[in-house]
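# Coordinate analysis (summary)
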Amino acid sequence: MNRKKVIVLGSTGSIGKNTLKVVEALEPDFDVVALGCRSNVRSLAGQVREFSPRAVAVAGTLDREAERSLSELGQVRLYRGEEGLLEMIAETEADLVVNGISGSKGLLPSVKSLETGKNLALANKETIVMAGTLVSDLARRIGVELLPVDSEHHAVYTLLHNRKKEEVQEIILTASGGAFRDLSYEQLKHVRLEDAVTHPNWNMGAKITVDSATMANKGLEVIEAHYLFDFPVSAIKVLIHPQSYVHSLVRTTDGFLYAQISRPDMRLSIQDALTYPRLQRSCIEPFELTGKSLSFEPVDPRKYRLLSLAYEAVERSGGYAIAYNAANEVAVEQFLSRGISFLEISSLVEDTLQDDWSGSTSRIEEILQVDQEARRRTVEILKKMKRIA
Ligand code: MG
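So, here's what we can say about the structure. (Residues numbered from 1 in each chain as written. Predicted model: local features only at pLDDT ≥ 70, side-chain atom pairs only at ≥ 80, totals over all residues. Heavy atoms only, no water.)

Let us look at the overall build of the protein chain. A count of helices and strands for the protein chain gives 16 helices and 11 strands. In terms of overall dimensions, the protein chain is globule-like: its C-alpha atoms have a radius of gyration of 20 Å, near the 21 Å expected for 389 residues. Taken along the three principal axes of its C-alpha coordinates, the protein chain extends 55 × 55 × 40 Å. For the protein chain, the exposed surface amounts to about 17,800 Å²; the carbon and sulfur share of it is 47%. Of the charged side chains in the protein chain, 47 are positive and 53 negative, and the gap between their average positions amounts to 3 Å. (Helix = DSSP H or I, 4+ residues; strand = E, 2+ residues; numbered from the N terminus. Rg over C-alpha atoms; globule rule 2.2 N^0.38 Å. Areas by Shrake-Rupley, 256 points an atom, 1.4 Å probe, with all protein chains shown as cover. Lys, Arg positive; Asp, Glu negative; His and termini not counted. Charge placed at Lys NZ, Arg CZ, Asp CG, Glu CD.)

Of the two faces of strand 9 (residues 236–240), only one is covered, namely that formed by Ile-236, Val-238 and Ile-240; the face formed by Lys-237 and Leu-239 stays uncovered. Strand direction decides the pairing type here: strand 8 (residues 168–175) and strand 9, joined by five bridges, are parallel. Within the sheet, the bridge partner assigned to Ile-171 lies in strand 9 and is Ile-236. (Buried < 20%, exposed > 50% of the residue type's maximum accessible area, 1.4 Å probe, protein only. Pairing = 2+ DSSP bridges.)

Overall, the coordinates contain four aromatic pairs when judged by the stated rule. Ring centres of Tyr-245 and Phe-287 lie 4.8 Å apart, and the angle between their planes is 45°; this geometry places the pair in the tilted category. In this pair, Tyr-245 is assigned in the loop between strand 9 and strand 10 (246–252) and Phe-287 in the loop between helix 12 (267–275) and helix 13 (305–316), connecting sequence segments 42 residues apart. With 6.4 Å between their ring centres and 50° between their planes, Phe-256 and Tyr-258 make a pair best called tilted. Of the residues examined, Tyr-258 reaches a relative accessible area of 33% and is grouped as partly exposed. The ring centre of Tyr-258 lies 4.7 Å from the NZ or CZ of Arg-163, which sits over that ring. (Phe/Tyr/Trp six-rings, centres within 6.5 Å; stacked < 30°, edge-to-face > 60°. Lys NZ or Arg CZ within 6 Å of the ring centre and 35° of its normal.)

Another point: the packing of helix 11 (residues 216–229) against helix 13. Axes are the key here: two packed helices are described by the angle between their axes and the distance separating the axes. With their axes 7 Å apart at the nearest point, helix 11 and helix 13 run at an angle of 25° to one another. Accordingly, the angle class assigned to the pair helix 11 and helix 13 is roughly parallel. The chirality of how helix 11 crosses helix 13 is right-handed. Between helix 11, through Ala-216, Lys-218, Gly-219, Val-222, Ile-223 and His-226, and helix 13, the contact on the second element is made entirely by Leu-306, Leu-307, Ala-310, Tyr-311 and Val-314. (Axes fitted to C-alpha atoms, helices over the stretch in contact; angles between N-to-C directions. Parallel < 35°, antiparallel > 145°, perpendicular 65-115°, else oblique. Left-handed = near helix turned anticlockwise from the far one by under 90°. Contact = heavy atoms within 4.5 Å.)

Below you can see the structure in the form of structure tokens.
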């Protein structure tokens, strides 16, 4: 059997590391031909020793120690910078790209993967939030697959498989409720950074863990589901499910609810994307329902303001979803560097969305321009708050 050639982007992050774990468990079916990371060269060097890719890309700027670690990479073609990452994707022959890059920086690598005829396993939700129509059209035109890896979208993708769209009344995305699920709105005023970066169920990076606590993550997922599955946002609901066993549900018109259930472990959806279109025996222990309880609660819109803002952003169309994401990225960065409080994340996004973002976003240049303008606007608002010089 031919080994499937895989490029892993964001290889030193949570999705990337899990992807490599699955590859290791499924050996010898896969050949990791290239790896891309931002700046964690030390971790990258270990991955190079283990998986012997032909090429690696380091997209970020490096400190002196990281530069030194580059020399440990040995016989491998090295690409530098954001441009280099795109060149690596274009020049490396592969069947599948796993995009585990965090944030809006994942967009262009996704586009390049599709343009060069590679199937795309997508964990980078910003790709769809910023350019859903463009990216879906591109995949269709080139004839390659977009395989969602995010647990909720993987669930919905699976649940919609072989089902007529008109038979599905609504999509229900589940949310853990994040680190502050049990706190009241009043208590949120006093939460600390240390508490926000600890997630109850999933082990992920700092940005997405904060996004879980604010539910911006679920907001982005609602937007993503809207574009990926072509459902109006009015038919996409969110339920808090603290145990994270049910990844999402669909309600069919005949009154049934179908759910996808497993332990919360990203390796499951990553494996499905890697082995697509085949289903293969899972590389992790089977999940037993015995002794488990499942509970569901409604979302408090006041506590999770960023979820409501995501719905509004989709309804207003144009560049609002892009501005939502950009403002949130700037706000979370500020929160992580202790520049603003937890509740100021949502007010900063809300203020940015007050501007007019209704322009055209059908071309990638326009999308990137809205992204940049929204960031500039958010920083301006921050300055007015006198938080940064
Ligand atoms: Mg998710």
